[in-house]
Amino acid sequence: MEEKETIIKDIDMVKLEALRKLPADILETFTKMEVRAFLYKDEWPDSLREKLANYLQ
């Protein structure tokens, strides 16, 4: 039996707002895992860091 992912309900509103402000063409390239990592994790996968390289300070 597969273990289901738990849904985290405490969303960081600052991260959510930042995600919403990204250009649509960038957001379209995100996988579900990358969106979850963006919103909930402090350490991102390399693929997400590469996609956001031009937007990170």
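All values reported here derive from a predicted model rather than from experimental measurement. (Residues numbered from 1 in each chain as written. Predicted model: local features only at pLDDT ≥ 70, side-chain atom pairs only at ≥ 80, totals over all residues. Heavy atoms only, no water.)

*Asks:* Account for the packing of helix α1 (residues 13-21) against helix α3 (residues 32-40), with residues named and values stated.
*Replies:* Closest axis-to-axis distance for the α1/α3 pair is 8 Å, and the angle between their directions is 135 degrees. With respect to α3, the element α1 is oriented oblique. Facing K15, L16, A18 and L19 of α1, the residues of α3 in contact are V35, F38, L39 and Y40. (Axes fitted to C-alpha atoms, helices over the stretch in contact; angles between N-to-C directions. Helix = DSSP H or I, 4+ residues; strand = E, 2+ residues; numbered from the N terminus. Parallel < 35°, antiparallel > 145°, perpendicular 65-115°, else oblique. Contact = heavy atoms within 4.5 Å.)

*Asks:* For α1, give the residues involved together with the corresponding values.
*Replies:* Within α1 the residues assigned to the buried category are K15, L16 and L19. Seen end-on, α1 carries its buried residues on one side only, within an arc spanning 100 degrees. With respect to the buried face of α1, the exposed residues turned more than 90 degrees away are M13, V14, R20 and K21. On its buried face, α1 sits against α2 (24-27) and α3. (Buried < 20%, exposed > 50% of the residue type's maximum accessible area, 1.4 Å probe, protein only. Arc of directions from axis to C-beta.)

*Asks:* An account of the nonpolar core is requested, with residue identities and associated values reported.
*Replies:* Among the nonpolar cores identified, the biggest contains 11 residues, and these are L16, L19, L22, I26, F30, A37, F38, L39, W44, L48 and L52. Contributing elements (two or more residues each) for this core: α1 and α3. The leading source of residues in this core is α3, at three residues. Once you skip the residues sitting within four places of it in the chain, W44 turns out to touch A37, F38, R49, L52 and L56. (Core = buried A, V, L, I, M, F, W, Y, C linked by side-chain atoms within 4.5 Å.)

*Asks:* Explain α3 residue by residue, including any values.
*Replies:* All buried positions along α3 are accounted for by E34, A37, F38 and L39. Buried positions along α3 lie against α1 and α4 (46-51).

*Asks:* Account for the pattern of salt bridges, with residues named and values stated.
*Replies:* When their charged atoms lie close together, side chains carrying opposite charge are able to pair. By the definition in use, this model includes three salt bridges. When the shortest N-O distance is used, the salt bridge between D42 and K15 registers 3.9 Å. Taken together, the positions of D42 in the loop between α3 and α4 and K15 in helix α1 put the pair 27 residues apart, joining distant regions of the chain. Judged by its relative accessible area of 79%, D42 falls in the exposed class. Its salt-bridge partner being E34, residue K51 comes within 2.7 Å of it at the nearest N-O pair. Separated by 17 residues along the polypeptide, K51 in helix α4 and E34 in helix α3 bring together distant segments of the chain. The exposure class assigned to K51 is partly exposed, which follows from its relative accessible area of 26%. (Salt bridge = Lys/Arg side-chain N within 4 Å of Asp/Glu carboxyl O.)

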